[in-house]
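If you want the building blocks of each chain, they are given just below.
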Amino acid sequence: MASAPGKCFLVTGPPGVGKTTLVMRVLEKLMNSNPCLNVKDDTDLFIIDEVGKMELFSSTFYPAVLEIIGSNIPILASIPIPKFGHDIPAVARLRNHPGATVFTLSKSNRDAIEEEIYSQLVGLLRKE
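Everything in this summary refers to the structure shown in the same document. Just so we're clear, the structure is a prediction, and the values are computed from it rather than from any experiment. Residue indices follow the written sequence of each chain, beginning from 1 at its first position. The predicted origin of the model limits local features to residues at a pLDDT of at least 70 and limits the giving and counting of side-chain atom pairs to 80 or more, whereas totals for whole chains, interfaces and linings rest on all residues. To obtain the side-chain values, all non-hydrogen atoms of the structure were included, while hydrogens and water were left out.

In this scheme, a residue with accessible area under 20% of its type's maximum is buried, one over 50% is exposed, and one in between is partly exposed, where area comes from a 1.4 Å probe on protein chains only. Runs of E in the DSSP output that reach at least two residues are strands. Runs of H or I that reach at least four are helices, and both are numbered from the N terminus. Those residues of helix α2 (residues 61–70) lying buried are Tyr62, Val65, Ile68 and Ile69. The arc that holds every buried residue of α2, seen down its axis, measures 120 degrees, which confines them to one face. Exposed residues pointing more than 90 degrees away from the buried face of α2 are listed as Glu67 and Gly70. The contact definition used throughout considers only heavy atoms, calling two residues in contact when any of these lie within 4.5 Å. Packing partners of the buried residues in α2 comprise β1 (8–12), β2 (46–48), β3 (75–78) and α3 (89–95). The directions considered for the arc run from the helix axis to the C-beta atoms.

Spelled out as structure tokens, the structure:
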């Protein structure tokens, strides 16, 4: 697993491996280690459960995601894996963003990935 070149952490994997659970567990750890972390005008972190097909039907959702990724604010999001070798174009754009690190989750690596993402986010949030 490579160190994140930017501040965008994307978690992907097949259904049932725990993507949403990982995102929630990282959030809970961050909240426990940094009680001042909360949603406010000058947001410290964006968390999106999934940037997927259904969410992209919203005309405002994807532009907002692109705006967040273009900002200096860390983001943790889950994205679907490509089906039958085909990626959703908007998801592929996120996956290929120069500031994004994609973590492909499995049941055997999810605890290690959780710790890696948590550690990197803690480091980023302390610098802010």
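With that settled, consider the nonpolar core. Only buried residues count toward a nonpolar core, which is a set of Ala, Val, Leu, Ile, Met, Phe, Trp, Tyr and Cys residues joined through side-chain atoms within 4.5 Å. Counting 18 residues, the largest nonpolar core has Phe9, Leu22, Val26, Leu30, Leu76, Ile117 and Leu121 as its most contacted members. Among the elements of the structure, β1, α1 (19–33) and α4 (110–127) are those that each provide at least two residues to this core. Ile48, Val51, Tyr62 and Leu94 belong to the second largest nonpolar core, which has 16 residues in total.

The next point concerns the environment of Gly16. In this structure, Gly16 sits in the loop between β1 and α1. Filtering out sequence-adjacent residues up to four positions away, Gly16 remains in contact with Lys107 and Arg110.

A few words on the sheet that holds strand β4 (residues 100–104). Pairing between strands is defined by DSSP: at least two bridges between them are needed. One open sheet holds the 4 strands; their spatial order is β2-β3-β1-β4, and the pairing between them is parallel. Whereas interior strands pair on both sides, the edge strands pair on one side only; in this sheet they are β2 and β4. Along the sheet, successive strands turn relative to each other by an average axial angle of 15 degrees, direction set aside. As judged from the 5 bridges shared by β1 and β4, these two strands associate in the parallel manner. Within β4, the residue paired with Cys8 across the bridge is Ala100. Every axis in this analysis is a line fitted to C-alpha atoms, fitted for helices over the stretch in contact. Angles between the N-to-C directions lie between 0 and 180 degrees.

Of note in the backbone geometry, Phe84 takes a positive phi value of approximately 55 degrees without being a glycine. Residue placement: Phe84 occurs in the loop between β3 and α3.

Another aspect to go through is the packing of aromatic side chains. The geometry of an aromatic ring pair comes down to the distance between the two centres and the angle between the two planes. Only rings of Phe, Tyr and Trp enter the pairing, Trp through its six-membered ring, and a pair is recorded when the two centres are within 6.5 Å. The plane angle decides the type: under 30 degrees is stacked, over 60 is edge-to-face, the rest tilted. Across all of its chains, the model carries 1 aromatic pair by this definition. Lying over the aromatic face of Tyr118, Lys29 brings its terminal NZ or CZ to 5.5 Å of the ring centre. In this scheme, the term charge over a ring applies when either NZ of a lysine or CZ of an arginine sits within 6 Å of the ring centre and within 35 degrees of the ring normal.

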